[in-house]
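A closer look at the structure
What follows is the residue order along each chain.
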Amino acid sequence: MAGGGILIVLYLIALFAGFIAPYRFDDLNTDYSFHPPIWPKLQGFHFVVPRYEPGSGTFVYRLVPNDTKPLHFFVHGDNYKLFGFIPATIHLFGTGDPHHPVYLLGTDQFGRDVLSRLLYGSEISLSIGIIGILLSFTFGMIIGGISGYFSGWTDTIIMRLCELIMSIPALYLIISLRNTFPPSMSSTQVYAMIIIILSFIGWAGMARVIRGMTLSLREQQFVLAARSLGQSHLKIIVRHILPNTFSYVIVAATLSVPYYILGEVVLSFLGVGIQEPNASWGNMLTAAQNTEYLQNYPWLLAPGAAIFITVLAFNFLGDGLRDAADTKSL
Amino acid sequence: MNLLEIKNLKMDFGKNAGALRAIDDVSFTIGAGETVCLVGESGCGKTVTALSIGKLVPTPPAHYVGGEILLNGQDVLQMSNDQLRNIRGGVVSYVFQEPGASLNPVFRVGNQIRESLKLHRPEKANNEEIIRLLKLVGIPAPESRIRNYPFELSGGMQQRVMIAMALASEPKLLVADEPTTALDVTIQAQILELLSELKQRLGMAILLITHNLGIVGDMADRVAVMYAGQIAELAPAQELLRRPLHPYTKALMASVPKLRGDADRLSAIPGNVPRIGNFPPGCRFAPRCVIARPECSKEIPRLIEVEAGRWVRCPFWQAS
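Calculation notes
- Residues numbered from 1 in each chain as written.
- Chains lettered and ligands numbered in written order.
- Predicted model: local features only at pLDDT ≥ 70, side-chain atom pairs only at ≥ 80, totals over all residues.
- Helix = DSSP H or I, 4+ residues; strand = E, 2+ residues; numbered from the N terminus.
- Buried ≥ 20, exposed ≤ 12 C-beta atoms within 10 Å, placed from the backbone.
- Rg over C-alpha atoms; globule rule 2.2 N^0.38 Å.
- Contact = placed C-beta atoms within 7 Å.
- Pairing = 2+ DSSP bridges.
- Axes fitted to C-alpha atoms, helices over the stretch in contact; angles between N-to-C directions.
- Core = buried A, V, L, I, M, F, W, Y, C linked by C-beta atoms within 7 Å.
- Domains from an automatic or database assignment.
- pLDDT = per-residue confidence, 0-100.
- Expected span 1.5 Å × (residues − 1).
- Bend = angle between axes of the 7 residues up to and from the residue.
- Parallel < 35°, antiparallel > 145°, perpendicular 65-115°, else oblique.
- Left-handed = near helix turned anticlockwise from the far one by under 90°.

A separate point is the overall build of chain A. Counting secondary structure elements, chain A contains 12 helices and five strands. Residue burial in chain A is summarised as follows: out of 330 residues, 40% are buried.

If you want it as C-alpha cells, here you go:
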C-alpha cells in the first residue's frame, strides 16, 4: 500500500502545482539555458540560494562567491490560478528576486525551470490517466454489460467490433486517429483529444472482460429476482450486474492507469500530443532525446523519473488491491 | 373469475427437431386468496410452470407453443414488455429457493426492498414503509437491519427479506418456489407459518412449489401433482392426502417415511423420472407404474374429472 501513499502525495502535488512551482511553466529566461540545478544551502536557521552566472563558454556557469539570497517561503511571485480558478500569487518558496533564480532541477534549453514544468506537467500527465480510465471503463462496462446480458446477435456484433479495435496495433491507431484531428488545436483541445484517443482504444479490452463476467452474473438468482419484480433490463445491468464486477474493475483500473499516462507520454514524445510551451512529462522528455544533452544535462531526465515512480506506484497499488480483493488466494 | 387460469399450456425448450417439451398441456386455476401447491420430483416442470406466470423463462430457448396463462383475465403470453413489467411484482411476486442467492450481495437489504417499492408503489419508497415491511415479516430490530448487507443475515432472515421484497409491491399472487428447501427444519416451519399468516392478513393467493408432502397438508387448499411436464392429479389437499387416486400420487405417498410401523426400508418408486425429450410413449408413468397395462403405452391419457374437483390422468385409477 506504499504505492497508494506515494500516489496520494503525487496527486496532491499535481493539485497544488501552481503553488509549489516557483515559476510558470512558460517562464523563459534565455540567459540561463541549460542551467544546472541550484541547491539552497543551510546557513544558521535559513536556507540561502547561491548565484551562478554564465561563464565564458556556452552553457557554462560559475558560482559567484558570497552572492547569496535567503530562500523565502510563501513568497509573492507570478500570477497563477489555484485549482484552475482561484487567482493567487503566493508560491511555496522562492527568492523573490527575478535576477537571483532558484532552479532546484535546473533549466532546459530555453532557460525554463524544469521543476516548475514538471509540476505543471504532472497536472496534465496524472489527470489524463484518471480521466481516461473513468471514460473508457465506464464505456467498456456499459457496453460489456449490454453485450453479456443480452447475448445473441447483440453480443456478436459488439464483440467483433471490440476485436477489430484490439487487433489494430495501438500505436498506429493512435497516430492515425491523431491525424483525423486538425494539426493546430488549443492545448485544452489537444488534452481532450488525447483522452478521447486513449479511451477509444482502451474500452474494448474492458468490455470483453465485463461481458464475460456478465455472462455468469446474469444467471445468478438475484437477477431473476430483480426481473420478477419487474425491473427493466438496463437497470438490472447497471444496478445489479455491474456493481458485482467492481472488485475486479477497481483493480484492473488501477493497473491500467499507467498505460494511459504512458500513452500521453508516447503521443507527446512523438510531437502529436501536448504542444510547447505547455508542459507535459512526455513533451519534456522529447528534449532529452539527444545523447549529447543527456550526457551534459542529465537533469532533463527528471520527467522520466517522475513517470517511473508514478507507474511503479500504480502497479504496487494495483497489486495490493488485488490481494485485498481476492480472498481466494492467500 | 379466477385470479390465475392456466389453460393447456405447452412450452418447448429449443425449436423444430431439437425441441424438448418441458410443459405439456398443463392446466390449473388459482382463485383469489387460495393456496395451491405444485408437487413433483425434480425436473418435472414445476419451476418453469411457475416462472411462466410472469413470463420469466427466457425466450429463446423457451417457446410457448400453445395454451394461455390468464392473469386477471389477461393472457400473459400475449403481453408487451411494459405490461409484463407491470404485472411482475404488481400482480405476481416471487420468492425463490436460495434466499442467499436471490439477494444482491452488494446492496443493503433496505435498498433492495426500496427498489421493489420504487417500481410499484413509488409514493411509499421511504424508510418507514421498509421498516413496516420488515416488521411484517417478523424481523427483529428492523431499524438497524435496513443497513445490513445480505451476508450479515442468517438464511431464515434472508428469506424473510425476500418475502418482504415480494410483498412490498402488494401482489395478488405470491409464487413461492421451494421457499424452505435451503433452510433447516425449524426455520422452515417459521417461514411457512409466516406465509400462511401473511396470506390470512393480506388476502393474497399463494402458489407454493414443493416436493415436501408434509408442507402440502399444512398449507394447501388444493394440490397439483406434476410428473414429466404434465399434471398427474389435481385435487383438494386434504382429500388428496387422505385418498390419492393416481398411481403416481399413491407411490409418492407411500415413500413418505412413517413415524409408526416397523418397515426396515423406505419404499421407493422403482426406476427414474424419464429425461425430458426421452419420454416413453403413452402414459409417461407407465414404466414405473404397478398397475400398468399394455394399453397404457399406446396413447397419452387425458386428465379426467373423476369426482367434483378431482382430476386424474389415469383411466385405471380405480384399479388398485
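Further notes follow.
The number of helices and strands found in chain B is 11 helices and 12 strands. In summary, chain B has a C-alpha radius of gyration of 20 Å against a globular reference of 20 Å for 320 residues, a match within 12%. Counting only C-alpha atoms, chain B reaches 65 × 50 × 35 Å along its principal axes. Looking at chain B as a whole, 44% of its 320 residues qualify as buried. A fraction of 64% describes how many contacts in chain B between residues 6 or more apart in sequence connect residues 24 or more apart.

All names here are of chain B. Of all five residues in strand S3 (residues 35-39), five are buried; the element is thus mostly enclosed. Across the two faces of S3 the burial is the same, with Thr-35, Cys-37 and Val-39 and Val-36 and Leu-38 all buried. With five bridges joining them, S3 and strand S8 (residues 205-210) adopt parallel strand pairing. Residue Leu-38 lies in a different strand from S8, and its bridge partner there is Ile-209. Two elements, S3 and strand S9 (residues 222-227), share four bridges in a ladder whose sense is parallel. Residue pairing across strands places Val-36 opposite Arg-222, the latter belonging to S9.

This part is about the interface of chain B and chain A. The partner chain A presents 14 residues to the 23 residues of chain B that form the contact. With five residues, helix H2 (residues 81-90) of chain B is the single largest residue contributor to the side of chain B that touches chain A.

This part is about the sheet that holds strand S1 (residues 41-43) of chain A. Residue and element names in this part refer to chain A. Taking strand neighbours across the sheet as the criterion, the three strands line up as S1-S2-S3 in an open arrangement whose pairing is antiparallel. One side of each edge strand has no neighbouring strand; the edge strands of this open sheet are S1 and strand S3 (61-70). Geometrically, the sheet is characterised by an average inter-axis angle of 40° between neighbouring strands, direction not taken into account. Across seven bridges, strand S2 (residues 46-54) lies against S3 in antiparallel orientation. In the sheet register, Val-48 faces S3, and the bridge partner there is Pro-70.

We now examine the nonpolar core. If you look at the biggest cluster of nonpolar residues, it comprises 165 residues, and the most contacted ones within it are Ala-164, Leu-173 and Leu-207 of chain B. Looking at which domains feed residues into this core, each of domain 1 (2-112) and domain 2 (118-325) of chain A gives three or more. Discounting residues that sit within four places of it in the chain, Leu-207 of chain B has contacts with Ile-30, Val-36, Leu-38, Ala-50, Leu-173 and Val-175 of chain B.

Residue and element names in this part refer to chain A. Domains assigned within chain A are domain 1 (2-112) and domain 2 (118-325). Relative to domain 2, the C-alpha centre of domain 1 lies at a distance of 34 Å. In this complex, domain 1 contributes 21 residues to the contact, which on the side of domain 2 involves 21 residues. Among the elements of the structure, helix H1 (2-15) and helix H2 (17-20) are those that each provide at least two residues to the side of domain 1 that touches domain 2. With nine residues, H1 is the single largest residue contributor to the side of domain 1 that touches domain 2.

A few words on the environment of Gly-320 of chain A. Residues and elements named next belong to chain A. Along the chain, Gly-320 turns up in helix H12 (residues 302-325). For Gly-320, a count of 16 C-beta atoms within 10 Å gives the class partly exposed. If we skip the residues at most four places from it in the chain, Gly-320 touches Met-1 and Gly-3.

The next thing to look at is the sheet that holds strand S2 (residues 20-30) of chain B. Residue and element names in this part refer to chain B. Pairing is antiparallel across the open sheet formed by four strands, whose spatial order is S2-S1-S4-S5. Either end of the sheet is taken by a strand with one partner, and the two such strands are S2 and strand S5 (74-75). Where strand S1 (residues 4-13) lies against S2, eight bridges are found, and the strand directions are antiparallel. Across the sheet, residue Lys-10 finds its bridge partner in S2, namely Asp-24.

Attention now moves to the confidence of the model for chain B. When pLDDT is averaged along chain B, the result is 82, and 98% of the positions lie at 70 or above. Averaged pLDDT values for the elements of chain B fall to 81 in helix H9 (residues 213-219) of chain B and rise to 89 in S3 of chain B.

Residues and elements named next belong to chain B. One non-glycine residue, Lys-55, lies in positive phi territory at about 50°. Structurally, Lys-55 is set in the loop between helix H1 (46-52) and strand S4 (62-71). C-beta crowding within 10 Å serves as the criterion here: with 22 such atoms nearby, Lys-55 is assigned to the buried category. Even without being glycine, Ala-228 reaches a positive phi, approximately 50°. Within the fold, Ala-228 resides in the loop between S9 and strand S10 (230-236). Residue classification places Ala-228 among the buried residues on the basis of 24 C-beta atoms within 10 Å.

Once that is clear, we can look at the confidence of the model for chain A. Put simply, chain A has an average pLDDT of 81, and 98% of its residues get 70 or more. Helix H4 (residues 152-167) of chain A holds the highest mean pLDDT among the elements of chain A, 89, whereas S3 of chain A holds the lowest, 74.

This paragraph deals with helix H6 (residues 187-217) of chain A. Side chains of residues three or four places apart in an α-helix project in the same direction, reflecting 3.6 residues per turn. The end-to-end C-alpha separation of H6 of chain A is 43 Å, in line with the 45 Å expected for 31 residues at 1.5 Å each. Of all the bends in H6 of chain A, the greatest, near 30°, is centred on Gly-202 of chain A.

Right, let's get into the packing of H6 of chain A against helix H9 (residues 246-269) of chain A. Residues and elements named next belong to chain A. Remark: H6 packs on H9, axes separated minimally by 10 Å, with the N-to-C direction vectors making an angle of 155°. With respect to their mutual orientation, H6 and H9 come out roughly antiparallel. Of the two possible hands of crossing, H6 and H9 adopt the one that is right-handed. Across the interface between the two elements, Ile-194, Leu-198, Gly-202 and Met-213 from H6 touch Tyr-248, Ser-256, Tyr-260, Gly-263, Glu-264 and Leu-267 from H9.

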